[in-house]
Every structure is written in C-alpha cells, then in structure tokens.
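# Results of the structural survey
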There are 2 protein chains.
Amino acid sequence: MAKLDESLLAGLPPFSRLSRPQIREILDLAMPRRFEEGTTVFHDGDPAERFFLLLDGIIRVVRTTPDGAQVIPLHIPAGQLFGIAPAFGRDTYPATAVAAAEIVALSWPSHCWGGFVSRYDGFATETWKTIGERMGELHARIADLATKAVEQRVASALLHLANQSGTRVGNAIEIGFPITRAEVAEMTGTTLHTVSRLLSAWEKDGIVSSARKQITVTEPHRLFLLSGAS
Amino acid sequence: MAKLDESLLAGLPPFSRLSRPQIREILDLAMPRRFEEGTTVFHDGDPAERFFLLLDGIIRVVRTTPDGAQVIPLHIPAGQLFGIAPAFGRDTYPATAVAAAEIVALSWPSHCWGGFVSRYDGFATETWKTIGERMGELHARIADLATKAVEQRVASALLHLANQSGTRVGNAIEIGFPITRAEVAEMTGTTLHTVSRLLSAWEKDGIVSSARKQITVTEPHRLFLLSGAS
DNA sequence: CCGGAACGTTGTCCCGCCGCAAACTGAGGG
DNA sequence: CCCTCAGTTTGCGGCGGGACAACGTTCCGG
C-alpha cells in the first residue's frame, strides 16, 4: 500500500497544530478505506472497534427507532471525525453510519483514542469544538422542529444541505450527493408526499430544480426567505 | 465563609476518581452561590467567565430564537456540570441558563478548565460521558418531535421530567420543580392550549393530577403506554 | 379587603398536513 | 428489449391541532 500523504491531515482542525512528524505517526497507524454509496460503515450497537475520519464524501448518521424505520439523519461533511464512541467512553456505537455518496475514510483502532488525546496537543480541544458545533446543530434542528411550519423546515433543511456540501454553479447550488425526498422528509419530520409537493411548487416558481435523487437550489436567497430567516 | 465539605463532590462522576486532597484543591477554588427560582445564571452571548456545577435543584437551559420567545429547554439535574463553554473553546455562552427552582451551584473561572482537564485524571473522561448522554437526549428529542404525535410527545416529556427529578409518593411521581403548561408546550413544540386540554383529559382519567405550576404523574405506567413506548 | 396580573381552562372555527390510493417515469438487470 | 422496482407525482378526504377569544382561578401587592 502506498504511503498516505501528510497533506491529507495537515489542514484539518484536529491535526492543524501538529508537526509533520506527528502527522506521519498518526497516518502510519491509519487504515484507509473506500465505501460505496449506500454502504453501512458501522451499525448501531456494534462494538466500537474503530473511529473514523471522513476524507471525502458525506456520511449520513441515522438512528432507527425500535418500532419502525423512523430515522433522524445527521450529515457529516468531509474533514470531520465520526464514530468517536471511544471519546464518550462507550464501547458500542450509538447510531448507524451510512455512506451517502462514495466516500473515503481513514480509521484507527479505538484504543488509540486515549493516546491521541494525551499525546497530541490540540487534538482534544479541536474535537471538543467540533462536538460543540454538532450540538449546536442539533439544538437548531430541535428549534426548527418545535417552532417552524413544515414548509419552513424543508426550506431550511435544503439550505443546510446545500451550504454543507453543495457545489456552486453560478448562483445555483447543487446538493453534492444523492438524496431522496423520503430522506428529506425524515430529516424534517414530514412525509415524502408533502416534500414532493413542496418541491414541485418551488420548481414551478424557479426556486429549485430537482431530478431523481438530486436537488439543485437555483435561488438560495428566495429559499432562505421561505425558511423563516432565523 | 465556612469551608465546603469534600463529600459534596466525592460522589459525582467528574470527580469520582479523585483523591480527597485533590477534591480539596478544587473546592478551595470554587465559589458557591444560591440562586432564587427564576433567576438567570448566565445569558446567551455573555462572556463565558465561569463554569458551573449544579449541587441542588434544576437548571433550565434555553435557547431563544431571534424572532420571538421560542425556546428549547433542556433540563439539567443536580450533580451535573453546565455552562461549560470553555470546554468547547468558546468564550461566550451559547444559551441561557435559568434556575427552574431554587438552586445552589459551585462555579470556577473558565481559565481553570484546562488545568482541571490536564491535572485531574478522569475529569475529562467523565465530562465526555455526560456530554455524550446529553447528545443522546437531544437525539431522542429530535426523534420524538419528528415522528410522534403531540399527545405522545407530551406524555414522554412528562415522563422524562418525572424520571429526571421526580420525588416518588407511593406509585405516583411528583415533578420536583414548578413548571407551567406553557413550558411543557415549548418543550414539545405545541401550544399551551393543547397541553392544557391533554392534562385535563388525563386528569379525568386519573393518569396525572396537576395544580398550578405543578404536575404529578399518578399512573406512570399508563402514561408510558400513551408515550408510544420507545 | 380589593384590584390586577399571571396562570389556567374551555369552546369554536378553520386550515395545513397526513393517510391512502393510483398512476407515471426513469434506471438497471436479465 | 422488456420487465421490474424504486422513486416520484398528484388528487382527495379527513382531522388534528393551531389561532382566537372569553371566562375562571390563584396569587400578590397595596
């Protein structure tokens, strides 16, 4: 296996304060792997043997409730850690991670976590920051669900996805991974029917343009207005 | 000021692995303070000068959205840390903390955080665990909001509150701090009208009994059934 | 003892959203 | 090339629950 290039990690928050030799150490412990779209990286309840760093693509973290297929997806963009159960002292993953697109990720055995935290300056701090942001995101999501109407929720979910991993095409933003209306519906706590209707209406207005498993926001500004401008 | 007793901290997770002298050190840095019910401990956006440990009572952490009074309360029970913005590298609080009942809390200057983490074994680990649990709670809340009907949401919110800080009276559980229907409504993303109606109906069925700013769950089992048994 | 404010209850109306059902459309496999 | 199926679209009916409003009740200050 070819050696991984140090520049992969150098710019990322958890490693930004580390020296090249330190990054080399870390990389030499890492196992790179590619996952096809739709592949499950790890399952809810699995023993948490490794933790991951997403190099490219998007991960969808879902929580399936026991009684059915209800899920609460959280999307994790490239450059972030995920599956960090060891950080929380858990020996089992609390959720399932699915590749939302083709992804490539590095992983390390869970028992390395403690070493990383104690040995590498800034690793813990930066990880805390990421977790803090993720909690903020969850809070915002709760606020949306609790206070906003369905239309606003869907609008803000689309904007969120677009901002997080969209590729700009002029003024338009194309969401960078395949996503079904059913998934949007799950994220926003509604049904795929309603999402479909909304997208149709918006498409008629020229705010978005959608195809099968794919959504492009052509006029982000107007969508933002619809989202109830928080 | 009388010296604080070491037993206050000895049993709590973040300090459980520490020796008595270490606990003594920590206590000598702490500033104890009592807050009346309804007092704001810190405000969203304030400079995060201190972090807190709740010794007794209940803290309500709220996030007010810019456009109005919408909030997403998270209740923190006695024995937990809160306002730990420094852990996330923030220099400002991301939410407002209000005393839901009369409380007593210890606090330390934010700059102590780093020292606690590096000097005291287990402090960081245990704090991570707490944060992990809190994230799990947020996830569960999102799942509820996204998938359950209003009646189920209210039922599970009441159960949650009862479990978290209820005092048992026979089979009944009385929620241990004053709470208005409006607050329950905010937690569950509905209106006080609906909450009021539900409580009336449940009271007629003998499942709960409520007074002004006070709710007692007399038949937790039946309420659990209503909550959609997750 | 009185007045007012905060909190709670209850009724009525109406709209937005879910459930159900049926048809359409690409994509992929044999 | 056709068959199948996942993904999507659309119509329609019903109702949960939000908006509005009026009244009752408890608490507190003067």
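No experiment lies behind these values; they were computed from the predicted model shown.

This part is about the protein's contact with DNA strand D. In the neighbourhood of DNA strand D, 16 residues make up the surrounding shell, with S196, R197, S200 and R212 of chain A together with T190 of chain B lying closest. Note that a phosphate oxygen of DNA strand D is positioned 2.9 Å from one of the side-chain N or O atoms of S200 of chain A. At 2.3 Å from a phosphate oxygen of DNA strand D is found a side-chain nitrogen or oxygen belonging to T190 of chain B. Counting only elements with at least two residues in the surface near DNA strand D, the list comes to α7 (192-205) of chain A together with α7 (192-205) of chain B. Grouping the amino acids of the surface near DNA strand D by side-chain chemistry returns 2 nonpolar, 8 polar and 6 charged.

Adjacent strands of a sheet form backbone hydrogen bonds with each other and so pair up, either parallel or antiparallel. Residue and element names in this part refer to chain A. Taking strand neighbours across the sheet as the criterion, the 4 strands line up as β1-β8-β3-β6 in an open arrangement whose pairing is antiparallel. Two strands bound the open sheet, and with one partner strand each, they are β1 (31-35) and β6 (81-82). The sheet contact formed by β1 and strand β8 (residues 103-109) spans 5 bridges and is antiparallel. Each bridged residue has a counterpart across the sheet, and for F35 the counterpart in β8 is I103. The sheet strands contacting helix α3 (residues 112-119) are β3 (50-56), β6 and β8, and the helix crosses β8 at an angle near 90 degrees.

All names here are of chain A. Read across the sheet, 4 strands follow the order β2-β7-β4-β5 without closing on themselves; strand pairing throughout is antiparallel. Looking at the sheet topology across the chains shown, the edges are occupied by β2 (40-42) and β5 (74-77). Adjacent strand axes in the sheet meet at a mean angle of 30 degrees when their direction is disregarded. As paired elements, β2 and strand β7 (residues 96-99) share 2 bridges and run antiparallel to each other. Residue pairing in the sheet places T40 in a bridge with V98 of β7.

Let's shift gears to the interface of chain B and chain A. Contact with chain B, which involves 27 residues of that partner, is made by 27 residues of chain A. When the two sides are added together, the surface that chain B and chain A hide from each other amounts to roughly 2900 Å², 80% of it contributed by carbon and sulfur. For the interface between chain B and chain A, the tally reads 0 salt bridges. Where chain B touches chain A, the interface holds 0 residue pairs in polar contact (both at pLDDT 80 or more). It is helix α4 (residues 123-147) of chain B that contributes the most residues to the side of chain B that touches chain A, 16 residues altogether. Looking at the side of chain B that touches chain A residue by residue, the class counts come to 12 nonpolar, 10 polar and 5 charged.

Here we take up α7 of chain A. All names here are of chain A. In a regular helix each residue adds 1.5 Å, so 14 residues correspond to 20 Å; α7 covers 20 Å between its end C-alpha atoms and thus fits that length. Among the residues of α7, V195, L198, L199 and W202 are the ones counted as buried. Projection of α7 onto a plane perpendicular to its axis shows the buried side chains occupying an angular sector of 100 degrees, all on one side. α7 presents R197 and K204 as exposed residues on the side facing more than 90 degrees away from its buried surface. Where α7 is buried, its residues meet α5 (150-165), α6 (181-188), β11 (208-211), β12 (214-217) and α8 (220-226). Of the residues one or two after α7, G206 is the one with positive phi, at around 80 degrees.

This part covers the relation of the copies chain B and chain A. With an axial shift of 0.0 Å and an RMSD of 0.0 Å, the rotation relating chain B to chain A amounts to 180 degrees. Both copies are brought into coincidence by an operation consistent with a two-fold rotation axis. Interface overlap between copies is the fraction of interface residues in one copy that are interface residues in the other; for chain B against chain A it reaches 100%, indicating a shared surface.

Attention shifts here to the nonpolar core. Formed by 96 residues in total, the largest nonpolar core has its most connected members in W108 of chain A together with W108 of chain B. Those residues within four positions of W108 of chain B in sequence are excluded, and the remaining contacts are F15, I26, L29, A30, E49, R50, F51, L53 and F116 of chain B.

Parameters at a glance
- Residues numbered from 1 in each chain as written.
- Chains lettered and ligands numbered in written order.
- Predicted model: local features only at pLDDT ≥ 70, side-chain atom pairs only at ≥ 80, totals over all residues.
- Heavy atoms only, no water.
- Near = heavy atom within 4 Å.
- Polar contact = N/O pair within 3.5 Å; in protein donor to acceptor, adjacent residues only side chain to side chain.
- Helix = DSSP H or I, 4+ residues; strand = E, 2+ residues; numbered from the N terminus.
- Nonpolar A, V, L, I, M, F, W, Y, C, P; charged D, E, K, R; others polar.
- Pairing = 2+ DSSP bridges.
- Contact = heavy atoms within 4.5 Å.
- Axes fitted to C-alpha atoms, helices over the stretch in contact; angles between N-to-C directions.
- Buried area = accessible area lost by both parts, 1.4 Å probe.
- Salt bridge = Lys/Arg side-chain N within 4 Å of Asp/Glu carboxyl O.
- Expected span 1.5 Å × (residues − 1).
- Buried < 20%, exposed > 50% of the residue type's maximum accessible area, 1.4 Å probe, protein only.
- Arc of directions from axis to C-beta.
- Least-squares fit on C-alpha atoms with pLDDT ≥ 70 in both.
- Core = buried A, V, L, I, M, F, W, Y, C linked by side-chain atoms within 4.5 Å.

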